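# Examination of the molecular architecture
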Amino acid sequence: MKPFVIALDGPAAAGKGTLAKRLATHYGFAHLDTGALYRAVGLAVLKAGQDPSDPNAAAAAAQALDPATLQDPELRSAAAGDASSKVAAIPGVRAALFDFQRRFAASPPGPDGRSCSGSVLDGRDIGTVICPDAPVKIFVTASAEARAGRRLKELQARGEKAIYARVLEDIRARDARDAARADAPMKPADDAVHLDTSDLDIDQVFDRARLLVDRALAAQRGA
Ligand code: DC
């Protein structure tokens, strides 16, 4: 049977990552944070002293992406976040990362080199472009203010100096850039379920998502 796919899309700091990790643990699925791919490309370009908006430099960095860099804690920095949304607008970068994501969903890596029965991919275009046939698609949102509050705490926990107004401004700029780009813009798939996490805690978000996944798994077993 084809591996099961849970596609989680939505804007920055809406809670996709936390939800993705919980779902992956609960179902024994592999998890791919696809934003980390774009962050790794953005960071590689910055570290090479190049401009993340330069299509040639960014596409070359995407083609040379070393999966080991996906664990670099610096990927979570504000600078890497900003660079990631610039490289993500470049078609050559998206094309280079497309196969990696498709392969992950088709053969989700599990422990001991074995495949898992499914995967959770979180990003912006999973339900629309990467896995349009995913049996579960959730578009996770939250108000810009709620997301800025969460991102501020994350940055402060990393020891970065940050102020709320600036973080909110960055979130809005990144939303606009991610939604306006011509290639695979951030948008919900027509058949995605919308989940607004502004006033929900992680347990409530997880319970709602679990219902959707359980229903889709039961439908697949019954099919
Ligand atoms: O989810 P994140 O903040 O780590 O994502 C970093 C950037 O990568 C974000 O600005 C948009 C981009 N991205 C994308 O274009 N497509 C994806 N599937 C995931 C992330």
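## Side note on the pattern of salt bridges
- As enumerated under the stated definition, the model contains 16 salt bridges in all.
- Ionic pairing is found between Asp191 and Lys137, a salt bridge with its closest N-O pair at 3.0 Å. One end of the pair, Asp191, is in the loop between α8 (164-180) and β5 (193-196); the other, Lys137, is in strand β4 (residues 136-141), and 54 residues separate them in sequence.

## Here we look at the pairing of β4
- Of all six residues that make up β4, five are buried, and the element is covered over most of its length.
- Note that strand β1 (residues 4-9) and β4 share four bridges and pair parallel. Across the sheet, residue Asp9 finds its bridge partner in β4, namely Phe139.
- Two elements, β4 and β5, share four bridges in a ladder whose sense is parallel. By the bridge assignment for β5, Ile138 is matched with Val193.

## Digging into the environment of Arg177
- For Arg177, the position within the fold is in helix α8.
- Between the C-alpha atoms of Arg177 and Ser85, which are 92 residues apart in sequence, the distance is 7.0 Å.
- The contact partners of Arg177, leaving out residues within four places of it in the chain, are Asp82, Ser85 and Lys86.

Rules behind the numbers
Within each chain, residues carry numbers counting from 1 in the order of the written sequence. Where totals are concerned, whole chains, interfaces and linings use all residues; where local detail is concerned, this predicted model gives features only for residues with pLDDT of at least 70, and gives and counts side-chain atom pairs only at 80 or more. Side-chain calculation: all heavy atoms of the structure are included, whereas hydrogens and water are not. Salt-bridge detection follows one rule: a side-chain nitrogen of Lys or Arg within 4 Å of a carboxyl oxygen of Asp or Glu. Every helix listed is a DSSP run of H or I at least four residues long, and every strand listed is a run of E at least two residues long, numbered separately from the N terminus. Buried, partly exposed and exposed residues are distinguished by accessible area as a fraction of the type maximum, computed with a 1.4 Å probe on protein chains only: under 20%, between the cut-offs, and over 50%, respectively. Here, a strand pair is defined by DSSP locating no fewer than two bridges between the strands. Should any heavy atoms of two residues lie within 4.5 Å, those residues are counted as being in contact.

Shape is all these values report; function is a separate question.
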